[in-house]
Amino acid sequence: MSDLDRMMEQAQAVQDQVAAMRDRLSATEVTGTAANGAVRVSMTAAGTFTAVHLNPNLFTDIDPEGMEELVLAALQDAGAQLREMTERRMGSLNEIFQSIQQ
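All values derive from a computational prediction rather than experimental measurement.

**Describing the pairing of strand 3 (residues 49-54)**
Part 1 of the argument: Across 5 bridges, the pairing between strand 2 (residues 39-44) and strand 3 is antiparallel. The residue bridging Val 39 from the neighbouring strand is Leu 54, located in strand 3.
Part 2 of the argument: From the end of strand 2 to the start of strand 3, which pair antiparallel, there are 4 residues, and Gly 47 there has a positive phi angle of about 95°.

**Considering a nonpolar patch on the surface**
Part 1 of the argument: A contiguous nonpolar patch, built from Phe 49, Leu 72 and Leu 75 and spanning about 270 Å² of accessible area, is present on the exposed surface.
Part 2 of the argument: Secondary-structure assignment places Leu 75 in helix 3 (residues 64-101).
Part 3 of the argument: Overall, Leu 75 belongs to the partly exposed group, its relative accessible area being 31%.

Procedures and definitions
Residues numbered from 1 in each chain as written. Predicted model: local features only at pLDDT ≥ 70, side-chain atom pairs only at ≥ 80, totals over all residues. Heavy atoms only, no water. Pairing = 2+ DSSP bridges. Helix = DSSP H or I, 4+ residues; strand = E, 2+ residues; numbered from the N terminus. Patch = residues over 30% accessible without salt bridge, like charges linked within 9 Å, V, L, I, M, F, W, Y side chains within 5 Å. Areas by Shrake-Rupley, 256 points an atom, 1.4 Å probe, with all protein chains shown as cover. Salt bridge = Lys/Arg side-chain N within 4 Å of Asp/Glu carboxyl O. Buried < 20%, exposed > 50% of the residue type's maximum accessible area, 1.4 Å probe, protein only.

Set out below in structure tokens:
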């Protein structure tokens, strides 16, 4: 087998692993929270928001501006979780690339 054939096989293997990782990421969901879970926002790794939960007690305890701040905090928490998860998974992708270069 020539070096070119071996490189092509490795490139295909990496492409398959990237596609599998993309599929796993798009199926992954994170949930951001605020106010000890009284506000929850769920989103997929693809960035699609899937659910919002607001504890009904919040409506009597917090003014509209406070509610907006809590929802924003939950959105920011979900985004931070997504970034962290993506960075971890991309780190494993970097390991794959490094193993090919050796």
